[in-house]
Amino acid sequence: MNTPTSSAVTENKVTLEQWRALLAVIDAGGYAKAAEQLNKSQSAVSYAIAQLETALGVKVFNLQGRKAVATPSGELLYRRAKQLLEQAERLEKSAECLSIHVEPLVKIAVDIIVPPAKVLYCLSLFAKDFPDTRVEYYETVLSGTEDMLLKRQVDLAIGGFVPAGFIGDKVMTAKFHGVSSADHPLQMLGREVTYEDMRQHRQIVVRDSGQYRRHTVGWQEADQRWTVSHIKTSLDAIRMGLGYAWLPDAYTKDDIEAGTLKYLPVEVGSEREGPVYLTFADKEFAGPGAKRLAEIFKECLPIACKGKHDS
């Protein structure tokens, strides 16, 4: 009897292309759309799935009309294959970083609690050192920042949360105050504002940009609420007297000093603080551009984002 060689023992039964076909068919719900997404013929996709099923000895799809529905085994393999392909993609990107001296593109996600003008100032400093490196800057809110890290859509992220499995460096503390226009009814009470008072007036809330909107921060119990996508929109609404909100001091500093906005004289919780972290998607394989940009953020953001109450 022949003894199997070590190469035969370790040889993979299924190729990455076959796993990609599996994911595409499940995501698209059929062979035709999957073939279109993969830029392959439908027969090539069908053949890849047939080879996968033969190699593994399991049935991954049941056909219901024109729709391919994953079997329980197919669903399990789908989840594992997705992880495998993400790891393979990260490995290829890491190898690319090792093969070049300076990366041509750096992608960042920054929670909008950091004013865009402050981020752009940091990017202007970065451009002096890396004039040929392109930057993609995503403005995110709450879990939207985490999502981009988890999906490895950015090289580094700045936000108030660090996802499980990552390590972030605290770069600053964001301070928030309840604010309204100077002539808002809550400013005219002549006493401290209670939560019951606030329930009777419109609150402006900024929407979590994450896929599952996992985070809600601060008090959000007003009977009337408007939800917007950016702090700047919230700030405009407050300037117009349309409501009140808890906003970062870095956004409201000039309005407070000018007297157009006032802090809400809330009896409890008028001020809150939150740490802001800088987190690499994969620091070990980060290029010199991403590392330099991280240094600039760490040096400049704590100074640039100081509010009126900071020393």
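It should be emphasised that the depicted structure is a prediction, and the values quoted were computed from it without experimental measurement.

J.: Can you lay out the packing of helix 3 (residues 31-38) against helix 4 (residues 42-56) for me, pointing to particular residues and giving the numbers?
T.: Look at helix 3 against helix 4: their axes get within 8 Å of each other, and the N-to-C directions meet at 105 degrees. Here helix 3 is positioned roughly perpendicular relative to helix 4, judged by the angle of their axes. Along its contact with helix 3, which presents Tyr31, Ala32, Ala35 and Leu38, the element helix 4 presents Gln42, Val45, Ser46 and Ile49. Taken together, the residues of the contact of helix 3 with helix 4 break down into 6 nonpolar, 2 polar and no charged.

J.: Lay out the nonpolar core with the relevant residues and their values.
T.: By size, the foremost hydrophobic cluster in this structure holds 50 residues, and its most contacted members are Ile108, Val114, Ile158, Met198, Val276 and Phe297. If one sorts the elements of this core by residue count, helix 11 (residues 288-304) sits on top with 7 residues. Ranked by size, the runner-up nonpolar core spans 22 residues in total, among them Trp19, Leu22, Ala48 and Leu85.

J.: Describe helix 3, listing the residues and the values that go with them.
T.: Burial in helix 3 covers these residues: Tyr31, Ala34 and Ala35. Buried residues in helix 3, looked at end-on, bunch into an arc of 100 degrees, giving them a common side. Residues of helix 3 that are exposed and point more than 90 degrees away from the buried face comprise Lys33, Glu36 and Gln37. In the core, the buried residues of helix 3 are packed alongside helix 2 (16-28), helix 4, strand 1 (61-64) and strand 2 (67-70). Asparagine 39 lies just past helix 3 and shows a positive phi near 60 degrees.

J.: Can you lay out the packing of aromatic side chains for me, pointing to particular residues and giving the numbers?
T.: Note on aromatic pairs: each is described by the distance of the centres and the angle between the planes. Scanning all chains against the criterion turns up 3 aromatic pairs. Pairing tyrosine 31 with phenylalanine 61 gives two aromatic rings, centres 6.0 Å apart and planes at 65 degrees, and the pair type is edge-to-face. Taken together, the residues span a long stretch of sequence, with tyrosine 31 in helix 3 and phenylalanine 61 in strand 1 at a distance of 30 residues. The interplanar angle of 15 degrees and the centroid separation of 5.2 Å between the aromatic rings of phenylalanine 126 and phenylalanine 130 together place this pair among those described as stacked.

Reading the values: the criteria
- Residues numbered from 1 in each chain as written.
- Predicted model: local features only at pLDDT ≥ 70, side-chain atom pairs only at ≥ 80, totals over all residues.
- Heavy atoms only, no water.
- Axes fitted to C-alpha atoms, helices over the stretch in contact; angles between N-to-C directions.
- Helix = DSSP H or I, 4+ residues; strand = E, 2+ residues; numbered from the N terminus.
- Parallel < 35°, antiparallel > 145°, perpendicular 65-115°, else oblique.
- Contact = heavy atoms within 4.5 Å.
- Nonpolar A, V, L, I, M, F, W, Y, C, P; charged D, E, K, R; others polar.
- Core = buried A, V, L, I, M, F, W, Y, C linked by side-chain atoms within 4.5 Å.
- Buried < 20%, exposed > 50% of the residue type's maximum accessible area, 1.4 Å probe, protein only.
- Arc of directions from axis to C-beta.
- Phe/Tyr/Trp six-rings, centres within 6.5 Å; stacked < 30°, edge-to-face > 60°.

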